[in-house]
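# A structural walkthrough
As a plain string of letters, each chain reads:
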Protein chains: 2
Amino acid sequence: MTAPTQTRKARERAAREQLILDHARHMLAAQGYLDLNLDELARRVEYSKGTLYQHFSSKEDLVMAIAVQGMELRAGLFERAAAFRGSSSRERIQAFSVAAAQFSHEYPDYFEVETLVKIASFAGRASEERQNALGLGVGRCFRAVNAVVHAALAAGDLPADGLPPERIVFAIASVSIGSEIMGRLPALRLLAGIDELAWTVRANQCVLLDGLGWRPLSRDFDMAAVDRRLRAEVFPEATWLQV
Amino acid sequence: MTAPTQTRKARERAAREQLILDHARHMLAAQGYLDLNLDELARRVEYSKGTLYQHFSSKEDLVMAIAVQGMELRAGLFERAAAFRGSSSRERIQAFSVAAAQFSHEYPDYFEVETLVKIASFAGRASEERQNALGLGVGRCFRAVNAVVHAALAAGDLPADGLPPERIVFAIASVSIGSEIMGRLPALRLLAGIDELAWTVRANQCVLLDGLGWRPLSRDFDMAAVDRRLRAEVFPEATWLQV
DNA sequence: ATCTGAAATTGACCATCAGTCAAAAATGGA
DNA sequence: TCCATTTTTGACTGATGGTCAATTTCAGAT
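Residues numbered from 1 in each chain as written. Chains lettered and ligands numbered in written order. Predicted model: local features only at pLDDT ≥ 70, side-chain atom pairs only at ≥ 80, totals over all residues. Heavy atoms only, no water.

### Overview of the overall build of chain A
A count of helices and strands for chain A gives 12 helices and 0 strands. Secondary structure elements of chain A occur, N-terminal to C-terminal, as α-α-α-α-α-α-α-α-α-α-α-α. If you line up chain A on its principal axes, its C-alpha atoms span 60 × 50 × 35 Å. For chain A, buried positions account for 53% of its 243 residues. (Helix = DSSP H or I, 4+ residues; strand = E, 2+ residues; numbered from the N terminus. Buried < 20%, exposed > 50% of the residue type's maximum accessible area, 1.4 Å probe, protein only.)

Structure representation (structure tokens):
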């Protein structure tokens, strides 16, 4: 088998893997993990079940592969956000707020899967390789935010005697993911009277940043104006970002 | 069958249900949902599988029942916290921070299950009855916190032009649960350098409350002293609360 | 065009396990 | 002691994740 043939094969294999993942993701979003049936998936992608197992070592590995792709999409958005040149570190961190909201708006299916694999029993059942890949994506997101936090500390926009930078990143991530997860519980949505989840999540993030003492505080600059710049310069696809 | 016999039967039935739930919870914590085997559970509790189904309509219903008990324990702690007479609303809200930390410290297994049932596919598979029971527990927790938020607004400890009270409860819940969930991911724990999760969670909650403008701000009162009072008056069992 | 060995694909098959139900056992009042 | 009722049992079933020997496809050689 010559080299060009090899690359064509690899390309076809990658295309098939993507086909499988796309169908699996849709089925997962529609029916949930417990009702995701591999026989039906094989039927839909028009390959045999045996071929599925050429790509994934188990059902959990398949789901983990979807989570990895989602995390890579998220990391891509975060790295675009990192390139935003706001006029203060507080404006730059706002870019991640939009990036996170954009992720859960554009890829709700991926978000669900991301939540799913956080369950303990998933970690041990997926292949080592994909677990590492997920960790890599998490690391990319972490570093993107971490860089801005460090810049803020260096610039004196954050109090020097506050939380250490890594804990600040952790706090921001926690309030974001926590708000998204809680906001997906119908009971709580009703109790809290939430209609537009994206804006509720962003409000919580904003409160946290103020609590960290991240200057300028939200009342001291025009967040809507920054949103407009972000829409124009970084996330033109974020149509939900009505400003 | 006379009335006393009936009550004895009901008592025995309740005791057996508790036995099943206790074993199931331990197995769930040790092996995860996917490896929770009902044949093995039946063997451990020394009843047949058929008898398990006298108590629960499905495996998901069983897990939901555990979640309900966990939520009731949590609600119990929250209602004890609500009885704390702090010298300000900010001190009173701190009681919930300790209650939440105490819950995940004393009942880590219940916490895991609580997280598990947040997955969409669980909701539809458990019995209506238990889903309602869970909603009831969530409501108890919500109302306990909500009362203090309203008191704070009435007292002017929270800015009148800030988030509406229900959204404040939502924000507090989000940062708490979000921190706990993220803090259980080994990769992120490493990146953020977290060793004592309980204190990291409480730090995040504290930052959020400051961000909400909940007076007195954390720098303006002695949180450690309030912790000492809470330990002495409300949560004597909270040995982790070294103050 | 045809052959051939390697690689890829298949789907019948297997093991596991949630859930069922007819038969057996236990119960409690007469 | 007996009998009707309730409770318990565990063998059985169907569904499904995962395997692998048999088949098909493929690329290069003749």
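### Comments concerning the protein's contact with DNA strand C
In the vicinity of DNA strand C there are 20 residues, among which Arg16 of chain A together with Arg8, Lys49, Tyr53 and Lys59 of chain B approach most closely. The protein-proximal atoms of DNA strand C, defined as those within 4 Å of the protein, are 65% sugar or phosphate. One nitrogen or oxygen atom from the side chain of Thr51 of chain A is found 2.8 Å from a phosphate oxygen belonging to DNA strand C. Contacts to DNA strand C include Lys59 of chain B, whose backbone N or O atom sits 2.7 Å from a phosphate oxygen. (Near = heavy atom within 4 Å. Polar contact = N/O pair within 3.5 Å; in protein donor to acceptor, adjacent residues only side chain to side chain.)

### Thoughts on the side chain of Ser89 of chain B
Structurally, Ser89 of chain B can be placed in helix α5 (residues 89–106). Beyond its immediate stretch of four places on either side in the chain, Ser89 of chain B contacts Val148, Ala152, Asp157, Trp214 and Arg215 of chain B. (Contact = heavy atoms within 4.5 Å.)

### Re the interface of chain A and chain B
If you look at the interface, chain A gives 43 residues, while chain B gives 43 residues. In this assembly, chain A packs against chain B so that about 3700 Å² is buried in total across both faces, 76% of it on carbon and sulfur atoms. When residues of chain A are sorted by the area they lose upon contact with chain B, Leu34, Arg167 and Phe170 of chain A head the list and together hold 18% of the total. Across the chain A-chain B interface, the total number found is 4 salt bridges. Salt-bridge contacts for Asp195 of chain B lead to Arg167 of chain A; the nearest nitrogen and oxygen are separated by 3.9 Å. Here chain A is connected to chain B by 8 residue pairs in polar contact (both at pLDDT 80 or more). Of all the secondary-structure elements, those providing two or more residues to the side of chain A that touches chain B are α8 (128–155), α9 (165–182), α10 (186–192) and α11 (197–211) of chain A. Considering each element in turn, the side of chain A that touches chain B owes the most residues, 12 residues, to α9 of chain A. Split by residue class, the side of chain A that touches chain B holds 23 nonpolar, 12 polar and 8 charged. (Buried area = accessible area lost by both parts, 1.4 Å probe. Salt bridge = Lys/Arg side-chain N within 4 Å of Asp/Glu carboxyl O. Nonpolar A, V, L, I, M, F, W, Y, C, P; charged D, E, K, R; others polar.)

### Brief notes about unusual backbone geometry
Residue Pro216 of chain A is reached from Arg215 of chain A by a cis peptide bond, and omega for that bond is -5°. Relative to the helices and strands, Pro216 of chain A resides in the loop between α11 and α12 (223–233). Located in the positive-phi region is Glu46 of chain B, a residue other than glycine, with phi close to 60°. Residue placement: Glu46 of chain B occurs in the loop between α2 (38–45) and α3 (49–55).

### Observations concerning the pattern of salt bridges
Residues and elements named next belong to chain A. For the structure on display, the rule yields 34 salt bridges over all chains. A salt bridge links Arg130 to Glu17, with the nearest nitrogen and oxygen atoms 4.0 Å apart. Here Glu17 lies in helix α1 (residues 3–31) and Arg130 lies in helix α8, a separation of 113 residues in the sequence. The exposure class assigned to Glu17 is buried, which follows from its relative accessible area of 19%. For the salt bridge of Glu237 with Arg80, the shortest nitrogen-to-oxygen distance reads 3.0 Å.

### Topic: the domain arrangement of chain A
All names here are of chain A. On domain assignment, one finds that chain A holds domain 1 (1–55) and domain 2 (59–233). Distance from the C-alpha centre of domain 1 to the C-alpha centre of domain 2: 30 Å. Each partner contributes to the interface: domain 1 provides 16 residues, whereas domain 2 provides 14 residues. Area buried by domain 1 at its contact with domain 2 is led by Leu21, Arg25 and Tyr33, which between them contribute 50% of it. (Domains from an automatic or database assignment.)

### Side note on the relation of the copies chain A and chain B
By a simple turn and slide, chain A fits onto chain B: the slide is 0.0 Å along the axis, the RMSD is 0.1 Å, and the turn is 180°. What we have between these two chains is a two-fold relation. When you check the interface residues of chain A against chain B, 100% turn up at the interface there too, and the contact is symmetric in its surfaces. (Least-squares fit on C-alpha atoms with pLDDT ≥ 70 in both.)

### Points about the packing of aromatic side chains
The way to describe two aromatic rings as a pair is by their centre distance and the angle between their planes. Residues and elements named next belong to chain A. Taken as a whole, this structure holds 10 aromatic pairs over all chains when the rule is applied. Measuring from ring centre to ring centre gives 5.8 Å for Tyr107 and Tyr110, while their planes differ by 75°; the resulting arrangement is edge-to-face. Aromatic ring contacts, followed pair by pair, group Phe103, Tyr107 and Tyr110 into a single cluster. (Phe/Tyr/Trp six-rings, centres within 6.5 Å; stacked < 30°, edge-to-face > 60°.)

### Quick notes on the nonpolar core
Leu41, Val63 and Trp214 of chain A together with Leu41, Val63 and Trp214 of chain B are the most contacted members of the largest nonpolar core, which totals 161 residues. Dropping the residues within four chain positions of it, Trp214 of chain B is found in contact with Ser89, Arg90, Ile93, Val148, Val149, Ala152, Asp157, Leu158, Ile168, Ile172 and Leu209 of chain B. (Core = buried A, V, L, I, M, F, W, Y, C linked by side-chain atoms within 4.5 Å.)

### Remarks on α11 of chain A
Residue and element names in this part refer to chain A. Along its 15 residues, α11 runs 21 Å from first to last C-alpha, staying within 8% of the 21 Å computed at 1.5 Å per residue. For α11, a buried count of 12 out of 15 residues is recorded, marking the element as mostly surrounded by other parts of the structure. Among the residues making up α11, those that are buried are Leu197, Thr200, Val201, Arg202, Asn204, Gln205, Cys206, Val207, Leu208, Leu209, Asp210 and Gly211. Positive backbone phi, at 75°, marks Gly213, one or two positions downstream of α11. (Expected span 1.5 Å × (residues − 1).)

### Digging into empty space enclosed by the protein
Scanning the entire structure with this criterion turns up 5 cavities of 30 Å³ or more. Taken as a whole, the largest cavity holds about 100 Å³ of empty space. In this structure, the largest cavity is lined by Tyr33, Leu34, Leu116, Ile119, Ser121 and Phe122 of chain A together with Tyr33, Leu34, Leu116, Ile119, Ser121 and Phe122 of chain B. If you list the elements that add at least two residues to the lining of the largest cavity, you get α7 (120–123) of chain A together with α7 (120–123) of chain B. The residue makeup of the lining of the largest cavity, split by class, is 10 nonpolar, 2 polar and no charged. (1 Å grid on protein atoms, 1.4 Å probe; cavity = no way out; pocket = protein on both sides within 12 Å on 5 of 7 lines; lining within 4 Å. Points joined across faces, edges and corners; volume = space filled by probe spheres on them.)

### Regarding helix α2 (residues 38–45) of chain A
Residues and elements named next belong to chain A. Of the residues making up α2, those classed as buried are Leu38, Leu41, Ala42 and Val45. Projected down its long axis, α2 carries its buried residues within an arc of 100°, all on one side. The opening residue of α2 is Asn37, an N-cap whose side-chain oxygen sits 2.8 Å from the backbone nitrogen of Asp39. Backbone geometry just after α2 places Glu46 at a positive phi near 60°. (Arc of directions from axis to C-beta.)

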